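Given next are the chains, with one letter for each unit.
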Amino acid sequence: MDFRLSEEERAFVAEVTAFLDEEARHAEAHDFMAPDREADSMLADSPARRAFNKRMGARGYLGMSWDGVYGGSARPGIYEYLLNEELAGRGAPLIGKGVGCIGKTLIRHGSEKLKAEFLPQILSADVEFALGYSEPNAGSDLAALKLRATRADGGWVLDGQKTFTTSAHFADWYWVAARTDPNVPKHKGISVFLIPMDHPGLTIQEIKTMGDHRTNAVFFDNVEVGDDYLVGEVNKGWTYVCEALDFERFTFFTVNPIITKFRVLLDLLKRTERGGRCVVDDPLIAQQIGRLAADVEAAKMLQRRVIVAASKGDVPAVEAAMYKLFSTQLGQRIADFALDALGPQGLLSHGADGAPDDGKWEHSYRATILDTIGGGSSEVQKNIIARRGLGLPLN
Ligand SMILES: Cc1cc2nc3c(=O)[nH]c(=O)nc-3n(C[C@H](O)[C@H](O)[C@H](O)COP(=O)(O)OP(=O)(O)OC[C@H]3O[C@@H](n4cnc5c(N)ncnc54)[C@H](O)[C@@H]3O)c2cc1C
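The paragraphs below set out a description of the structure included in this document. Bear in mind that the values here come from a model prediction, so they are computed numbers and not experimental data.

Quick word on the overall build of the protein chain
Consideration 1: Helices and strands together make up the secondary structure of the protein chain, namely 12 helices and 10 strands.
Consideration 2: Residue burial in the protein chain is summarised as follows: out of 395 residues, 50% are buried.
Consideration 3: Intrachain contacts of the protein chain at a sequence separation of at least 6 include 69% that bridge at least 24 residues.
Consideration 4: As displayed, the protein chain offers around 18,400 Å² of accessible surface, 52% of which is attributable to carbon and sulfur atoms.
Consideration 5: Of the charged side chains in the protein chain, 45 are positive and 55 negative, and the gap between their average positions amounts to 4 Å.

Section: the packing of helix 10 (residues 317–342) against helix 12 (residues 378–389)
Consideration 1: Contact pair helix 10 / helix 12: the axes reach a minimum separation of 9 Å and the direction vectors enclose 150°. Handedness of the crossing formed by helix 10 with helix 12: left-handed. Contact residues: helix 10 offers Ala-317, Val-318, Ala-321, Met-322, Lys-324, Leu-325, Thr-328 and Gln-329, while helix 12 offers Ser-378, Gln-381, Lys-382, Ile-384, Ile-385, Arg-388 and Gly-389.
Consideration 2: For the contact of helix 10 with helix 12, the per-class residue count stands at seven nonpolar, five polar and three charged.

Section: unusual backbone geometry
Consideration 1: In this model, Asn-222 sits at a positive phi of 55°, which is unusual for a non-glycine residue.
Consideration 2: With respect to the helices and strands, Asn-222 occurs in strand 7 (residues 214–226).
Consideration 3: Unlike most non-glycine residues, Asp-358 shows phi in positive territory, near 50°.
Consideration 4: Its place among the elements puts Asp-358 in the loop between helix 10 and helix 11 (360–371).

A word on the packing of aromatic side chains
Consideration 1: Applying the stated criterion across every chain yields a total of 10 aromatic pairs.
Consideration 2: Summarising the aromatic geometry, the rings of Phe-32 and Phe-52 are spaced 4.8 Å apart at their centres and angled 20° between planes, so their arrangement reads as stacked. With a gap of 20 residues between them, Phe-32 in helix 2 (residues 29–32) and Phe-52 in helix 3 (residues 47–58) connect regions that are remote in the sequence. Across this residue pair, the class does not change: Phe-32 and Phe-52 are buried.
Consideration 3: Taking 4.9 Å as the distance between ring centres and 85° as the angle between the ring planes, the aromatic pair formed by Phe-118 and Trp-173 counts as edge-to-face. You can see Phe-118 sitting in helix 6 (residues 112–123) and its partner Trp-173 sitting in strand 4 (residues 173–179), a full 55 residues away along the chain.
Consideration 4: Since its relative accessible area comes to 0%, Phe-118 is described here as buried.
Consideration 5: The positively charged end of Arg-333 is found above the aromatic ring belonging to Phe-326, 6.0 Å away from the centroid.

About the cut-offs
- Residues numbered from 1 in each chain as written.
- Predicted model: local features only at pLDDT ≥ 70, side-chain atom pairs only at ≥ 80, totals over all residues.
- Heavy atoms only, no water.
- Helix = DSSP H or I, 4+ residues; strand = E, 2+ residues; numbered from the N terminus.
- Buried < 20%, exposed > 50% of the residue type's maximum accessible area, 1.4 Å probe, protein only.
- Contact = heavy atoms within 4.5 Å.
- Areas by Shrake-Rupley, 256 points an atom, 1.4 Å probe, with all protein chains shown as cover.
- Lys, Arg positive; Asp, Glu negative; His and termini not counted.
- Charge placed at Lys NZ, Arg CZ, Asp CG, Glu CD.
- Axes fitted to C-alpha atoms, helices over the stretch in contact; angles between N-to-C directions.
- Left-handed = near helix turned anticlockwise from the far one by under 90°.
- Nonpolar A, V, L, I, M, F, W, Y, C, P; charged D, E, K, R; others polar.
- Phe/Tyr/Trp six-rings, centres within 6.5 Å; stacked < 30°, edge-to-face > 60°.
- Lys NZ or Arg CZ within 6 Å of the ring centre and 35° of its normal.

Structural data, given as structure tokens:
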């Protein structure tokens, strides 16, 4: 496998780096670029963040892989991965949901009306979306979702509940999977709708996670949706959801933040003394650092395999599952090791006197668990590898 970037790809990375260097000089840069942030989804909404996204749009960085007919530049998908890696390395918002899951699904399956309404807004970063898939009893087994969409005059009425909808509290539109036919096998009775997030029938309730990440429960009470906001065909929603999830898995989990985190930890440990000597002088600590360095390199290579497969036009579901499983658990192991190596001080949280790196490692320990759940839990990734990669008889 040839993992080297072409001259054009390297030039693109250099161009993005220069753009981000320029952005970092912005007075409000910390609102949209914070390399210490654990995940892109922890970014709060702010005018500065929206303005940054608009500057990304103006540079043509949104929709790069879309066809020219839809306002994209028809570049190979690898450019989106390269862009996301650079953004993630700086803690900037990834190009995520709008361009990827929603834009690409609308291009493939949406009506002309939906394409005309949403695609230009996605390209100019004038719209934020929330993804409404998970429910209290439908997460890993998403096809068990129960949010009911009942036929009404000229449209549908939705009643029920979603849970863990990240960004529902500031998004403009809600991309929702609902059950339109309860009398057929579960995968065959699901449809996808677009609903304005300020619809009076929606109630949004905050859920705080152990990693200080805000997500939400969303309640639907007689939410009326016109037929023109049904995405694609009725009862074909499962196909659209799966396509979008495949996209999410191999674009949302970037490797640069892990590489940076490991370097930052190494720097810190080289400066940390305990019992009159530097902690890295302890051979057991040094060995664990060596082990993690090898694992960081392995994560990098697993991710390159995803990129190579994707750039050949394949949907790299198995490669992406291997990478997601390994890299998110590695993020946890780095945080776990940090707390062991830092001793009692490592447990001090943000703002506490003497907290190493102002509590970064204590927070990382709590936050990295979320990565092993969102976008498909580690067990689900193992199932994908076993079933789709190795042909083992899992049902
Ligand atoms: C930070 C964060 C953000 C999120 N954002 C969104 C969002 O914006 N929109 C959205 O719709 N959802 C979102 N989610 C929800 C996420 O997709 C689900 O949490 C995830 O799919 C797991 O589902 P669950 O929580 O219902 O757990 P469950 O599916 O109930 O799983 C519970 C446990 O059982 C294990 N398990 C389940 N099935 C199997 C199996 N077949 N084999 C072996 N083990 C199994 C799981 O691995 C897990 O350990 C988010 C989650 C997090 C943590």
